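Remarks on the overall topology
So you can see what is in the structure, the chains are spelled out below.
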Amino acid sequence: MDDGAAAAVINQDKVHILIDLNGWSGGHRVSLITRRPAPIQVNYKNWVASAGIPSLIFNIGDRIVCPPELQADYSEAMVLVANSYFISGHRYQYRLDNPVQVSRVTHVDAGAHTHEHTHAHTHTHPHAHK
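1. Focus on the overall build of the protein chain
Secondary structure assignment for the protein chain yields three helices and four strands. The linear arrangement of helices and strands in the protein chain, starting from the amino end, is α-β-α-β-β-β-α. Each of the 130 residues in the protein chain was classed as buried or not, and the buried ones make up 32%. For the protein chain, contacts bridging at least 24 residues in sequence account for 39% of all contacts bridging at least 6. Entry remark: accessible area of the protein chain is about 8100 Å², with carbon and sulfur atoms responsible for 58%.

2. Some points on the pattern of salt bridges
Two side chains that carry opposite charge are able to pair once their charged atoms sit near each other. Per the stated rule, a full pass over the model turns up one salt bridge. Across the pair Arg29 and Asp3 runs a salt bridge whose closest N-O atoms are separated by 2.4 Å. You can see Arg29 sitting in the loop between β1 (17–20) and α2 (30–34) and its partner Asp3 sitting in helix α1 (residues 3–12), a full 26 residues away along the chain. Owing to a relative accessible area of 16%, Asp3 belongs among the buried residues under this scheme.

3. Some details on the sheet that holds strand β3 (residues 58–61)
With respect to topology, four strands assemble into an open sheet ordered β1-β2-β3-β4, the strand pairing being parallel. Edge positions in the sheet fall to β1 and β4 (77–80), since each of these pairs with one other strand and no more. For this sheet the average axis-to-axis angle between neighbouring strands, irrespective of direction, equals 30°.

4. What to know about α1
The periodicity of an α-helix, 3.6 residues per turn, causes residues three or four places apart in sequence to face the same way. Among the residues making up α1, those that are buried are Asp3, Ala6, Ala7 and Ile10. Projected down its long axis, α1 carries its buried residues within an arc of 100°, all on one side. Tucked inside the fold, the buried residues of α1 contact β1 and α2. The backbone nitrogen of Gly4 has a side-chain oxygen 3.2 Å away, supplied by the residue at the start of α1, namely Asp2. Count one or two residues on from α1 and you reach Lys14, which has phi positive near 55°.

5. Structural notes on a nonpolar patch on the surface
Residues Ile17, Ile19, Ile40, Phe58, Val79 and Val81 make up a contiguous nonpolar surface patch of about 420 Å² in total accessible area. Relative to the elements of secondary structure, Phe58 occurs in strand β3.

6. Thoughts on unusual backbone geometry
Most peptide bonds adopt trans geometry, and most residues besides glycine take a negative phi value. At Lys14, a position not held by glycine, the phi torsion is positive, near 55°. For Lys14, a relative accessible area of 62% translates into the label exposed. Phi is positive for Arg36, close to 50°, though the residue is something other than glycine.

7. Some thoughts on the side chain of Asn59
Mapped onto the fold, Asn59 is located in strand β3. Sequence-distant contacts of Asn59, defined by excluding residues within four places in its chain, comprise Asn43, Trp47, Val48, Ala49, Cys66, Tyr74, Glu76, Ala77, Met78 and Val79.

8. As for the nonpolar core
Ala6, Ala7, Ile10, Val15, Leu18, Val30, Leu32, Ile33, Ala38, Ala51, Ile53 and Leu56 together form the largest nonpolar core, which totals 12 residues. If you list the elements that add at least two residues to this core, you get α1 and α2. Residues contacting Ile53, with those up to four places away along its chain left out, are Trp24, Val30, Ile33, Thr34 and Ser75. Leu21, Val42, Tyr85 and Phe86 belong to the second largest nonpolar core, which has six residues in total.

Calculation notes
- Residues numbered from 1 in each chain as written.
- Predicted model: local features only at pLDDT ≥ 70, side-chain atom pairs only at ≥ 80, totals over all residues.
- Heavy atoms only, no water.
- Helix = DSSP H or I, 4+ residues; strand = E, 2+ residues; numbered from the N terminus.
- Buried < 20%, exposed > 50% of the residue type's maximum accessible area, 1.4 Å probe, protein only.
- Contact = heavy atoms within 4.5 Å.
- Areas by Shrake-Rupley, 256 points an atom, 1.4 Å probe, with all protein chains shown as cover.
- Salt bridge = Lys/Arg side-chain N within 4 Å of Asp/Glu carboxyl O.
- Pairing = 2+ DSSP bridges.
- Axes fitted to C-alpha atoms, helices over the stretch in contact; angles between N-to-C directions.
- Arc of directions from axis to C-beta.
- Polar contact = N/O pair within 3.5 Å; in protein donor to acceptor, adjacent residues only side chain to side chain.
- Patch = residues over 30% accessible without salt bridge, like charges linked within 9 Å, V, L, I, M, F, W, Y side chains within 5 Å.
- Core = buried A, V, L, I, M, F, W, Y, C linked by side-chain atoms within 4.5 Å.

Structure follows, in structure tokens:
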């Protein structure tokens, strides 16, 4: 489905929040996002810097990848979550009562995020589950 048709379906289905998981990565759908098919559009996960796309309202990150003092450099408003904006962040994968695991978690969280996640361009859509 091309971007124009996808935007029409999203709008027709009255999707309230559209989350872009791809940013400017290969296979991006920026022309879909710029059509603003949903009233609230969010940049999340793949592109932690500002996407610079005026139709994206929010950018979800944390204080490490999206330092609040850089808000003026973002076209989106920052939504900062505690610990890690990755829902699969290390603090959530390990038992924190195990001293060996705690030292690993502390070491990994103290540095820059080194994970690379590849996300296919998928958005939850009622027709996708039929």
